[in-house]
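# A look at the structure
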Amino acid sequence: MIRLLHLDGSARPGRSGEHAHGSHTRRLGARFVARWRRLRPQDPVVHRDVGQAPPAPVDGRWVHAAFTPPAQREPWMDERLAESDALVDELIASDLVVAGVPMYNFGMPAQVKAWIDNVVRVGRTFGFDRTRAGAPYWPLLAGQDRRVVLLGARGDHGYDPGGRLEADNLVERGVMTPLRYLGIEAFDCIAVEYDEFADARLQASLASAEAAVDALVDRLVAEAARRAPADPAARVAS
Ligand SMILES: Cc1cc2nc3c(=O)[nH]c(=O)nc-3n(C[C@H](O)[C@H](O)[C@H](O)COP(=O)(O)O)c2cc1C
(Lines give C-alpha, C1' and ligand atoms only; values in the text may rest on other atoms or scores of the structure.)
Protein backbone atom coordinates (compact mmCIF):
# COMPACT_ATOMS: atom_id res chain seq x y z
CA MET A 1 0.00 0.00 0.00
CA ILE A 2 1.23 3.50 -0.83
CA ARG A 3 -0.39 6.28 1.16
CA LEU A 4 -0.88 9.51 -0.79
CA LEU A 5 -1.07 13.00 0.66
CA HIS A 6 -2.50 15.33 -1.98
CA LEU A 7 -1.80 18.99 -1.22
CA ASP A 8 -3.30 21.92 -3.11
CA GLY A 9 -1.66 25.30 -2.66
CA SER A 10 -3.35 27.45 -5.28
CA ALA A 11 -5.59 30.27 -4.07
CA ARG A 12 -7.74 29.64 -7.15
CA PRO A 13 -10.51 27.22 -6.25
CA GLY A 14 -11.33 25.51 -9.57
CA ARG A 15 -9.30 23.51 -12.07
CA SER A 16 -8.21 24.95 -15.40
CA GLY A 17 -9.95 23.37 -18.37
CA GLU A 18 -13.04 22.75 -16.23
CA HIS A 19 -13.68 26.03 -14.42
CA ALA A 20 -13.27 29.63 -15.59
CA HIS A 21 -10.02 31.09 -14.17
CA GLY A 22 -9.23 27.66 -12.72
CA SER A 23 -5.84 26.57 -11.40
CA HIS A 24 -3.30 24.64 -13.44
CA THR A 25 -1.65 23.10 -10.36
CA ARG A 26 -5.05 21.81 -9.20
CA ARG A 27 -5.57 20.38 -12.67
CA LEU A 28 -2.21 18.55 -12.61
CA GLY A 29 -2.70 17.30 -9.04
CA ALA A 30 -6.19 15.99 -9.79
CA ARG A 31 -4.89 14.28 -12.91
CA PHE A 32 -2.05 12.63 -11.00
CA VAL A 33 -4.37 11.36 -8.25
CA ALA A 34 -7.10 10.17 -10.66
CA ARG A 35 -4.59 8.16 -12.69
CA TRP A 36 -3.02 6.76 -9.54
CA ARG A 37 -6.42 5.70 -8.19
CA ARG A 38 -7.26 4.00 -11.49
CA LEU A 39 -4.04 1.97 -11.39
CA ARG A 40 -3.89 1.38 -7.61
CA PRO A 41 -7.42 1.72 -6.16
CA GLN A 42 -6.26 0.14 -2.90
CA ASP A 43 -4.06 3.12 -1.97
CA PRO A 44 -5.57 5.65 0.45
CA VAL A 45 -5.51 9.34 -0.48
CA VAL A 46 -5.78 12.25 1.96
CA HIS A 47 -6.51 15.64 0.41
CA ARG A 48 -5.27 18.74 2.24
CA ASP A 49 -6.34 21.98 0.56
CA VAL A 50 -4.09 24.66 2.04
CA GLY A 51 -5.05 27.00 -0.82
CA GLN A 52 -8.65 27.13 0.37
CA ALA A 53 -7.97 26.64 4.09
CA PRO A 54 -4.49 27.99 4.86
CA PRO A 55 -2.91 26.80 8.12
CA ALA A 56 -2.44 29.55 10.69
CA PRO A 57 1.02 31.06 10.29
CA VAL A 58 3.58 30.51 13.02
CA ASP A 59 3.35 33.16 15.76
CA GLY A 60 4.98 33.74 19.16
CA ARG A 61 2.60 31.37 20.97
CA TRP A 62 3.34 28.61 18.44
CA VAL A 63 7.10 29.03 18.89
CA HIS A 64 6.80 29.06 22.67
CA ALA A 65 4.64 25.92 22.61
CA ALA A 66 6.70 24.01 20.03
CA PHE A 67 9.96 24.58 21.90
CA THR A 68 8.50 23.57 25.27
CA PRO A 69 9.12 19.85 25.90
CA PRO A 70 5.79 17.93 25.59
CA ALA A 71 5.77 16.86 29.25
CA GLN A 72 5.98 20.50 30.37
CA ARG A 73 3.34 21.94 28.04
CA GLU A 74 0.34 23.80 29.41
CA PRO A 75 -3.10 23.10 27.90
CA TRP A 76 -3.02 26.26 25.75
CA MET A 77 0.21 25.02 24.17
CA ASP A 78 -1.33 21.73 23.10
CA GLU A 79 -4.27 23.68 21.70
CA ARG A 80 -2.00 26.04 19.79
CA LEU A 81 -0.12 23.07 18.31
CA ALA A 82 -3.19 20.98 17.46
CA GLU A 83 -3.33 22.08 13.80
CA SER A 84 0.42 21.62 13.39
CA ASP A 85 0.18 18.15 14.98
CA ALA A 86 -2.57 17.18 12.53
CA LEU A 87 -0.46 18.35 9.56
CA VAL A 88 2.63 16.54 10.88
CA ASP A 89 0.56 13.36 11.42
CA GLU A 90 -0.63 13.53 7.80
CA LEU A 91 2.90 13.96 6.50
CA ILE A 92 4.28 11.13 8.65
CA ALA A 93 1.40 8.88 7.55
CA SER A 94 2.19 9.45 3.85
CA ASP A 95 4.53 7.67 1.46
CA LEU A 96 3.94 9.95 -1.51
CA VAL A 97 3.17 13.68 -1.30
CA VAL A 98 1.65 15.20 -4.44
CA ALA A 99 1.75 18.98 -4.02
CA GLY A 100 0.37 21.68 -6.29
CA VAL A 101 2.60 24.71 -5.68
CA PRO A 102 2.15 27.74 -7.95
CA MET A 103 4.70 30.53 -8.24
CA TYR A 104 3.68 33.69 -6.41
CA ASN A 105 6.24 36.50 -6.62
CA PHE A 106 9.00 34.04 -7.50
CA GLY A 107 8.44 31.84 -4.46
CA MET A 108 5.77 29.53 -3.07
CA PRO A 109 2.38 30.92 -1.95
CA ALA A 110 2.17 32.00 1.71
CA GLN A 111 -0.34 29.22 2.38
CA VAL A 112 2.20 26.57 1.31
CA LYS A 113 4.90 28.27 3.41
CA ALA A 114 2.49 28.15 6.36
CA TRP A 115 2.14 24.37 5.79
CA ILE A 116 5.92 23.97 5.73
CA ASP A 117 6.38 26.08 8.86
CA ASN A 118 3.80 23.87 10.61
CA VAL A 119 5.37 20.54 9.61
CA VAL A 120 8.98 21.47 10.41
CA ARG A 121 8.55 20.60 14.09
CA VAL A 122 11.25 20.03 16.67
CA GLY A 123 10.92 16.59 18.25
CA ARG A 124 8.47 15.41 15.58
CA THR A 125 10.11 15.88 12.19
CA PHE A 126 13.59 17.05 13.16
CA GLY A 127 15.70 16.61 16.25
CA PHE A 128 17.59 19.34 18.05
CA ASP A 129 20.06 19.01 20.90
CA ARG A 130 22.55 21.83 21.32
CA THR A 131 24.78 19.57 23.44
CA ARG A 132 25.07 16.96 20.69
CA ALA A 133 28.61 17.17 19.33
CA GLY A 134 28.94 17.93 15.64
CA ALA A 135 25.29 17.61 14.62
CA PRO A 136 22.87 19.48 16.89
CA TYR A 137 20.09 19.16 14.25
CA TRP A 138 19.11 15.86 12.64
CA PRO A 139 16.28 14.69 10.37
CA LEU A 140 13.55 12.46 11.81
CA LEU A 141 11.96 11.49 8.47
CA ALA A 142 15.15 10.06 6.94
CA GLY A 143 15.30 6.53 5.55
CA GLN A 144 11.53 6.20 5.17
CA ASP A 145 11.42 6.11 1.38
CA ARG A 146 9.08 9.09 1.14
CA ARG A 147 8.74 10.91 -2.18
CA VAL A 148 7.43 14.37 -3.04
CA VAL A 149 6.00 15.34 -6.43
CA LEU A 150 5.90 19.11 -6.99
CA LEU A 151 3.40 20.33 -9.57
CA GLY A 152 4.04 23.97 -10.42
CA ALA A 153 2.58 26.74 -12.55
CA ARG A 154 3.99 30.08 -13.61
CA GLY A 155 2.66 33.05 -15.53
CA ASP A 156 5.93 33.74 -17.33
CA HIS A 157 8.34 31.20 -18.84
CA GLY A 158 11.98 30.13 -18.58
CA TYR A 159 12.13 29.17 -14.89
CA ASP A 160 13.23 25.56 -15.42
CA PRO A 161 16.91 24.53 -15.11
CA GLY A 162 18.89 26.18 -17.91
CA GLY A 163 16.10 28.70 -18.59
CA ARG A 164 16.52 32.49 -18.74
CA LEU A 165 14.81 32.97 -15.34
CA GLU A 166 16.19 29.92 -13.55
CA ALA A 167 17.93 32.02 -10.89
CA ASP A 168 14.67 33.82 -10.03
CA ASN A 169 12.76 30.60 -9.38
CA LEU A 170 12.60 30.11 -5.62
CA VAL A 171 9.62 27.74 -5.65
CA GLU A 172 11.08 24.25 -5.98
CA ARG A 173 14.22 25.13 -4.03
CA GLY A 174 12.10 26.81 -1.36
CA VAL A 175 9.98 23.70 -0.87
CA MET A 176 12.72 21.08 -1.25
CA THR A 177 15.26 22.67 1.11
CA PRO A 178 13.16 22.42 4.31
CA LEU A 179 11.80 18.99 3.32
CA ARG A 180 15.34 17.72 2.74
CA TYR A 181 16.19 19.06 6.19
CA LEU A 182 13.52 16.67 7.53
CA GLY A 183 15.13 13.78 5.66
CA ILE A 184 13.00 13.56 2.51
CA GLU A 185 15.27 12.89 -0.41
CA ALA A 186 13.21 11.97 -3.49
CA PHE A 187 11.60 14.75 -5.53
CA ASP A 188 10.03 15.09 -8.98
CA CYS A 189 9.11 18.47 -10.43
CA ILE A 190 6.71 19.23 -13.30
CA ALA A 191 5.45 22.72 -14.14
CA VAL A 192 3.20 24.59 -16.54
CA GLU A 193 4.44 27.91 -17.90
CA TYR A 194 2.97 30.78 -19.98
CA ASP A 195 -0.24 31.13 -17.91
CA GLU A 196 -0.21 34.93 -18.36
CA PHE A 197 0.07 34.59 -22.15
CA ALA A 198 -2.96 32.32 -22.49
CA ASP A 199 -2.00 31.42 -26.05
CA ALA A 200 -0.83 28.33 -27.93
CA ARG A 201 2.33 28.23 -25.80
CA LEU A 202 0.22 27.75 -22.67
CA GLN A 203 -1.70 24.95 -24.38
CA ALA A 204 1.55 23.27 -25.45
CA SER A 205 2.99 23.63 -21.94
CA LEU A 206 -0.18 22.13 -20.42
CA ALA A 207 -0.09 19.20 -22.85
CA SER A 208 3.56 18.53 -22.08
CA ALA A 209 3.02 18.80 -18.28
CA GLU A 210 0.05 16.44 -18.46
CA ALA A 211 2.07 13.92 -20.46
CA ALA A 212 4.86 14.21 -17.88
CA VAL A 213 2.36 13.62 -15.04
CA ASP A 214 1.00 10.50 -16.76
CA ALA A 215 4.50 9.15 -17.41
CA LEU A 216 5.54 9.82 -13.80
CA VAL A 217 2.49 8.03 -12.39
CA ASP A 218 3.14 5.05 -14.67
CA ARG A 219 6.80 4.92 -13.64
CA LEU A 220 6.10 5.18 -9.91
CA VAL A 221 3.31 2.59 -10.10
CA ALA A 222 5.60 0.20 -11.99
CA GLU A 223 8.35 0.73 -9.40
CA ALA A 224 5.88 0.08 -6.57
CA ALA A 225 4.73 -3.15 -8.24
CA ARG A 226 8.33 -4.32 -8.61
CA ARG A 227 9.03 -3.64 -4.94
CA ALA A 228 5.86 -5.32 -3.62
CA PRO A 229 3.87 -7.47 -6.08
CA ALA A 230 0.11 -6.92 -5.53
CA ASP A 231 -0.70 -10.61 -5.55
CA PRO A 232 0.67 -12.31 -2.40
CA ALA A 233 0.52 -15.69 -4.23
CA ALA A 234 2.93 -14.32 -6.86
CA ARG A 235 5.35 -13.41 -4.09
CA VAL A 236 5.23 -16.94 -2.65
CA ALA A 237 5.70 -18.50 -6.10
CA SER A 238 8.71 -16.36 -7.02
C1 LIG B 1 -0.07 36.74 -6.32
C2 LIG B 1 0.51 36.19 -7.60
C3 LIG B 1 1.86 36.33 -7.84
C4 LIG B 1 2.42 35.79 -9.02
N5 LIG B 1 3.76 35.90 -9.24
C6 LIG B 1 4.31 35.35 -10.35
C7 LIG B 1 5.71 35.40 -10.57
O8 LIG B 1 6.50 35.88 -9.77
N9 LIG B 1 6.19 34.86 -11.72
C10 LIG B 1 5.39 34.26 -12.64
O11 LIG B 1 5.88 33.80 -13.65
N12 LIG B 1 4.05 34.19 -12.43
C13 LIG B 1 3.50 34.71 -11.32
N14 LIG B 1 2.15 34.61 -11.10
C15 LIG B 1 1.32 33.85 -12.05
C16 LIG B 1 1.03 32.45 -11.52
O17 LIG B 1 2.21 31.74 -11.25
C18 LIG B 1 0.17 31.68 -12.52
O19 LIG B 1 -1.06 32.34 -12.67
C20 LIG B 1 -0.06 30.24 -12.13
O21 LIG B 1 -0.80 29.61 -13.15
C22 LIG B 1 -0.82 30.14 -10.79
O23 LIG B 1 -1.01 28.80 -10.42
P24 LIG B 1 -2.46 28.13 -10.51
O25 LIG B 1 -2.82 28.13 -11.98
O26 LIG B 1 -2.33 26.77 -9.96
O27 LIG B 1 -3.41 28.98 -9.70
C28 LIG B 1 1.58 35.13 -9.94
C29 LIG B 1 0.21 35.02 -9.69
C30 LIG B 1 -0.32 35.53 -8.53
C31 LIG B 1 -1.80 35.37 -8.24
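Our subject in this report is the structure included herewith.

What counts as what
Residues numbered from 1 in each chain as written. Predicted model: local features only at pLDDT ≥ 70, side-chain atom pairs only at ≥ 80, totals over all residues. Heavy atoms only, no water. Helix = DSSP H or I, 4+ residues; strand = E, 2+ residues; numbered from the N terminus. Buried < 20%, exposed > 50% of the residue type's maximum accessible area, 1.4 Å probe, protein only. Polar contact = N/O pair within 3.5 Å; in protein donor to acceptor, adjacent residues only side chain to side chain. Contact = heavy atoms within 4.5 Å. Phe/Tyr/Trp six-rings, centres within 6.5 Å; stacked < 30°, edge-to-face > 60°. Core = buried A, V, L, I, M, F, W, Y, C linked by side-chain atoms within 4.5 Å. Near = heavy atom within 4 Å. Areas by Shrake-Rupley, 256 points an atom, 1.4 Å probe, with all protein chains shown as cover. Pairing = 2+ DSSP bridges.

### Details of the side chain of Asp 43
- Inspection of the secondary structure puts Asp 43 in the loop between α1 (24-39) and β2 (45-49).
- On the basis of relative accessible area, Asp 43 is assigned to the buried category, the value being 3%.
- Engagement of the side chain of Asp 43 in a polar contact is seen with the side chain of Arg 40, the distance being 2.5 Å.
- Leaving out residues up to four positions away in the same chain, Asp 43 has contacts with Met 1, Ile 2 and Trp 36.

### Quick word on the packing of aromatic side chains
- Per the stated rule, a full pass over the model turns up 6 aromatic pairs.
- Their ring planes at 10° and their centres at 5.9 Å tell us that Phe 32 and Trp 36 sit as a pair that is stacked. One end of the pair, Phe 32, and the other, Trp 36, are both in helix α1, 4 residues apart, so they sit about a helical turn from each other.
- Judged by relative accessible area, Phe 32 falls into the buried class, the value being 0%.

### Some thoughts on the environment of Asn 169
- Locating Asn 169 in the fold gives a position in the loop between β6 (147-153) and α5 (171-181).
- In the structure, Asn 169 is positioned 18 residues away from Phe 187 in sequence and 16 Å away in space, judged by C-alpha atoms.
- Apart from residues lying up to four places away in sequence, Asn 169 is in contact with Met 103, Phe 106, Arg 154 and Tyr 159.
- Here Glu 172 takes part through its side chain, which lies 2.8 Å from a polar atom of the side chain of Asn 169.

### Section: the nonpolar core
- If you look at the biggest cluster of nonpolar residues, it comprises 30 residues, and the most contacted ones within it are Leu 91, Val 101, Trp 115 and Leu 179.
- For this core, the secondary-structure elements that each account for two or more residues are β1 (4-8), α3 (75-92), β3 (96-102), α4 (110-119), β6 and α5.
- With residues near it in sequence (within four places) discarded, Leu 91 still touches Leu 5, Val 97, Trp 115, Val 119, Leu 141, Arg 146, Leu 182 and Ile 184.
- Core analysis: the next-biggest nonpolar cluster, separate from the first, contains 23 residues, Leu 96, Val 192, Leu 206 and Ala 224 among them.

### So, the site of the ligand
- The environment of the ligand is made up of 17 residues, and the closest members are Ser 10, Ser 23, Thr 25, Met 103 and Asp 195.
- Asn 105 places a polar main-chain atom, nitrogen or oxygen, 2.7 Å from a nitrogen atom of the ligand.
- Contact between the ligand and Tyr 159: an oxygen atom at 3.1 Å from a side-chain N or O atom of the residue.
- Starting from 630 Å² of accessible surface for the ligand in isolation, the protein chains cover 79%.

### Things to note about the pairing of β6
- For β6, a buried count of 6 out of 7 residues is recorded, marking the element as mostly surrounded by other parts of the structure.
- In this structure, β3 lies alongside β6, joined through 7 bridges in parallel fashion. Counted as the bridge partner of Gly 100 is Leu 151 from β6.
- Bridge count between β6 and strand β7 (residues 186-192): 7 bridges; the pairing is parallel. For Gly 152, the partnering residue across the bridge sits in β7 and is Ala 191.

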